[in-house]
Every structure is written in C-alpha cells, then in structure tokens.
Amino acid sequence: MEKLKGYLQLMRLYGIFIVMMPVLGAIANGIFHHLLFLLIVGIAANIFGFIQNDYFDIEIDKKSGYVANRPLASGLISKEEAIIFMAILFLISLLITMLFFSYFSLLFLLLYYLFYTIYNKFSKKFAWMEYSLGLAATMIFLAGSFSYKKEITLACFLASFLPLLKYAFNVGVSANLKDIKYDLMQSVITTPATFGAKVNDKIYLPKTFIYYGYALKIVFILISFSILYYLPARISLLLITVTSFALLYTIYKIFENVEKRKEMLFYAEIHEIFTYIMLASIFYDYVAINVNAFLSFALIIFPPIWIILCLKIFFGGKPLE
C-alpha cells in the first residue's frame, strides 16, 4: 500500500494542464474527433515529465525542507523502477500517435519530450529554463493541432503561444518564488536570482522582476483577446474578461505574500487554475457551435475540479509542492 501511495505521489495526478494541451490544440485547429486518444497521449506524456523531473532532482530534493519526502528522494521508489515506468509511458504515447495521428503530430510529440527533458535536466543549473518547459507545452499543443491536419489556422497559431507564456510565469515566477530560500542556499540559478532577488532575514524582489511577471501575463491576456477576432465570441468574451481581472489580482497577491509561503502557494495555485480557464474559455463558443455546450463547459470546469479532488484525496488539501 505504501508503494502504491508512492507511485500516486510520483505521478502527480493533480497535474492536468499539460494533459489538456493536445486536446485544446486539436480544438483550436477545428478537430473535434478522437479527442480521447489525444487525452491519453497527454496523460502519458505529462506523467513522464513529472517522474523525470523527480529523477533528475533526487539529490537536490533530499536537501530540501519541503520535498525531501518525495518517493524518489526518500527511496520509496528506486531509480530503476522510475526508468521502467517512464519507458512504458513514452511507448504508450508514441504508439498511439504513430497509429492514429499524422507524422507532424509525431514530430511535435518528440519535440515535447526533447524540450521537457532539457528543462528537467538543466532547470536547477541555468536560469530561464521555464521557457524550455513552455516550449514543451507548446509542442504537445501543436501535436494535437496537427493530429489530423497538415496546416493550422491563424487562431490556432496564436493560441500555441499561450502554453509557453503560461509556464514562463507559473514556473519562472511563482514556482521559483516558493523555493527561493532553499534554491539560493544551494546556489541554484533561477530566474528571480538573475533579476537580483535575495534572501537574508527577508526575501527581496527587485521591481524589474515584478514588472516582468506582470508583463508576461498582460501579453497572455492580449493574445487571448486577439484570438477571439477569428472565433465566435459571446460567452468566451465574457469569460476572458472576468478571468483577466482574476489573473491580475492573483499576481498581486503572489507578490504581496512572498514572505508567507503558505498563502503565496494558495494564490499561485489559484492563478494557475485561472490561467488554464482563460485558455479553455477562448474556445467556449467555438466548441459549443461545432459540438455542444456540455463539452465547452466540461473543458473549463473539469480540470479545476479534478485538481481540487486529487489534492483533497491524495494530499489532504495541502498546497502543491
């Protein structure tokens, strides 16, 4: 039972946003069939990335006051077991893509694994590696976009930048801030550090870093609104407008609570959820017209509910680490 619990923790079942990227990529390019296969590819690829991240960070995690109890760092699951699990996940995603989707889709899936591996391998050694993770998310988004087509629309092309921007903020800003004390103590080079962030008795964040965080999200919002020019946009426009205010407010609360790690983690989680909701909201009317309103609603609501349930069931409602 303890081993099973370790595997569940290793898989990070709450991490559903990259899972949804190939599905949203397909929808953005007018593909509404075989979405279940894309979902399975997303699940396998997403879990692979999480396990690989823990695999590369074993020694760093052992020294952390927050994540030293992770299955690989604690020794509950061996390196060999993790490698076998990753190989199975990789083969599942590869076989489904080769059997059902285009060669373009296969190419973008392989690029996803490349950029995700670069991020996992070097994220603790170099700054700005969140852009490699963001590129990975964009690649698997495009794997969905090209699953049954050889070209993409302008709206889909614009939407493909949103996963990149999402992870540039959610990893480069909020995720790096939650571990900033231990990262700086272990000489881990992160984006906040390159801006001059320091930790003594208190955490010091330069204004340039704060402005950078806001700029990333403003660009994300502007692209989201620009995509609606090419798509039906009644409910979508309302959803994106409301979500924009929620994003800006939660950014403010993240920076305001940087000294209060628990509160900052709460707002970082909420912010990430709203970021996904905005991305899915862009296609609400588009999906409702071409499929049905239930799918539109499910694409927005199901992932946040899934996260809450997983955290409640497997992690006792604790913030993400």
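For the structure itself, look to the data block above.
It should be emphasised that the depicted structure is a prediction, and the values quoted were computed from it without experimental measurement.

### Side note on the pattern of salt bridges
Turning to step 1, where the next piece is worked out: Across all of its chains, the model carries three salt bridges by this definition.
Turning to step 2, where the next piece is worked out: One salt bridge in this structure joins E272 and K166, with 3.1 Å as the shortest N-O distance. Highlighted residues: E272 in helix 15 (residues 261-281) and K166 in helix 10 (residues 161-178), separated in sequence by 106 residues.
Turning to step 3, where the next piece is worked out: Classification of K166 by relative accessible area gives buried; the value is 1%.

### Digging into the environment of K150
Turning to step 1, where the next piece is worked out: Examined against the element boundaries, K150 turns out to sit in the loop between helix 8 (130-145) and helix 9 (154-159).
Turning to step 2, where the next piece is worked out: For the pair formed by K150 and Y167, sequence separation is 17 residues and the distance between their alpha carbons is 26 Å.

### Observations regarding helix 13 (residues 207-227)
Turning to step 1, where the next piece is worked out: Over its 21 residues, helix 13 runs 31 Å from end to end, which matches the ideal 30 Å to within 8%, given 1.5 Å per residue.
Turning to step 2, where the next piece is worked out: Among the residues of helix 13, those classed as buried are F209, Y212, G213, L216, K217, F220, I221, I223, S224 and I227.
Turning to step 3, where the next piece is worked out: Contacts made by the buried residues of helix 13 are with helix 8, helix 9, helix 10, helix 12 (191-194), helix 14 (235-256) and helix 15.

### Considering the nonpolar core
Turning to step 1, where the next piece is worked out: Membership of the largest hydrophobic core comes to 101 residues, with the highest contact counts inside it found for Y112, L177, I227, I282 and F283.
Turning to step 2, where the next piece is worked out: No other element matches helix 2 (residues 17-28), which puts 10 residues into this core.
Turning to step 3, where the next piece is worked out: Among residues more than four places away in sequence, those in contact with F283 are I27, A28, A159, L231 and S236.

### Observations regarding the packing of helix 10 against helix 13
Turning to step 1, where the next piece is worked out: Between helix 10 and helix 13, the shortest axis-to-axis distance is 10 Å and the interhelical angle comes to 155°. When the axis of helix 10 is compared with that of helix 13, the two are roughly antiparallel. Between helix 10 and helix 13 the crossing geometry is left-handed. Contacts from F161, L162, L165, K166, A168, F169, G172, V173 and L177 in helix 10 reach F209, Y212, G213, L216, K217, V219, F220, I223, S224 and I227 in helix 13.
Turning to step 2, where the next piece is worked out: Of the residues in the contact of helix 10 with helix 13, the class split is 14 nonpolar, three polar and two charged.

### Examining a nonpolar patch on the surface
Turning to step 1, where the next piece is worked out: On the surface, L36, I40, I84, I88 and I92 cluster together into a nonpolar patch covering about 440 Å² of accessible area.
Turning to step 2, where the next piece is worked out: Listed by contribution, the elements that provide at least two residues to the nonpolar patch are helix 3 (35-56) and helix 6 (79-100).
Turning to step 3, where the next piece is worked out: Mapped onto the elements, I88 comes out in helix 6.

### Thoughts on the environment of H34
Turning to step 1, where the next piece is worked out: Mapped onto the secondary structure, H34 falls in the loop between helix 2 and helix 3.
Turning to step 2, where the next piece is worked out: The partly exposed category is assigned to H34, whose relative accessible area is 40%.
Turning to step 3, where the next piece is worked out: Measuring from C-alpha to C-alpha, the distance between H34 and S174 comes to 35 Å, with 140 residues separating the pair along the chain.

### A short note on the packing of aromatic side chains
The geometry of an aromatic ring pair is captured by two quantities: the separation of the ring centres and the angle between the planes.
Turning to step 1, where the next piece is worked out: Per the counting criterion, the structure on display carries 26 aromatic pairs.
Turning to step 2, where the next piece is worked out: The interplanar angle of 50° and the centroid separation of 5.9 Å between the aromatic rings of F122 and F126 together place this pair among those described as tilted.
Turning to step 3, where the next piece is worked out: A relative accessible area of 31% places F122 in the partly exposed class.
Turning to step 4, where the next piece is worked out: The structure contains a cluster of three or more aromatic residues connected by ring pairs, namely W128, Y131, F195, F209, Y212, Y214 and F255.
Turning to step 5, where the next piece is worked out: Here the basic side chain of K166 rests over the ring of Y167, its NZ or CZ set 4.1 Å away from the ring centre.

The rules behind each value
- Residues numbered from 1 in each chain as written.
- Predicted model: local features only at pLDDT ≥ 70, side-chain atom pairs only at ≥ 80, totals over all residues.
- Heavy atoms only, no water.
- Salt bridge = Lys/Arg side-chain N within 4 Å of Asp/Glu carboxyl O.
- Helix = DSSP H or I, 4+ residues; strand = E, 2+ residues; numbered from the N terminus.
- Buried < 20%, exposed > 50% of the residue type's maximum accessible area, 1.4 Å probe, protein only.
- Expected span 1.5 Å × (residues − 1).
- Contact = heavy atoms within 4.5 Å.
- Core = buried A, V, L, I, M, F, W, Y, C linked by side-chain atoms within 4.5 Å.
- Axes fitted to C-alpha atoms, helices over the stretch in contact; angles between N-to-C directions.
- Parallel < 35°, antiparallel > 145°, perpendicular 65-115°, else oblique.
- Left-handed = near helix turned anticlockwise from the far one by under 90°.
- Nonpolar A, V, L, I, M, F, W, Y, C, P; charged D, E, K, R; others polar.
- Patch = residues over 30% accessible without salt bridge, like charges linked within 9 Å, V, L, I, M, F, W, Y side chains within 5 Å.
- Areas by Shrake-Rupley, 256 points an atom, 1.4 Å probe, with all protein chains shown as cover.
- Phe/Tyr/Trp six-rings, centres within 6.5 Å; stacked < 30°, edge-to-face > 60°.
- Lys NZ or Arg CZ within 6 Å of the ring centre and 35° of its normal.

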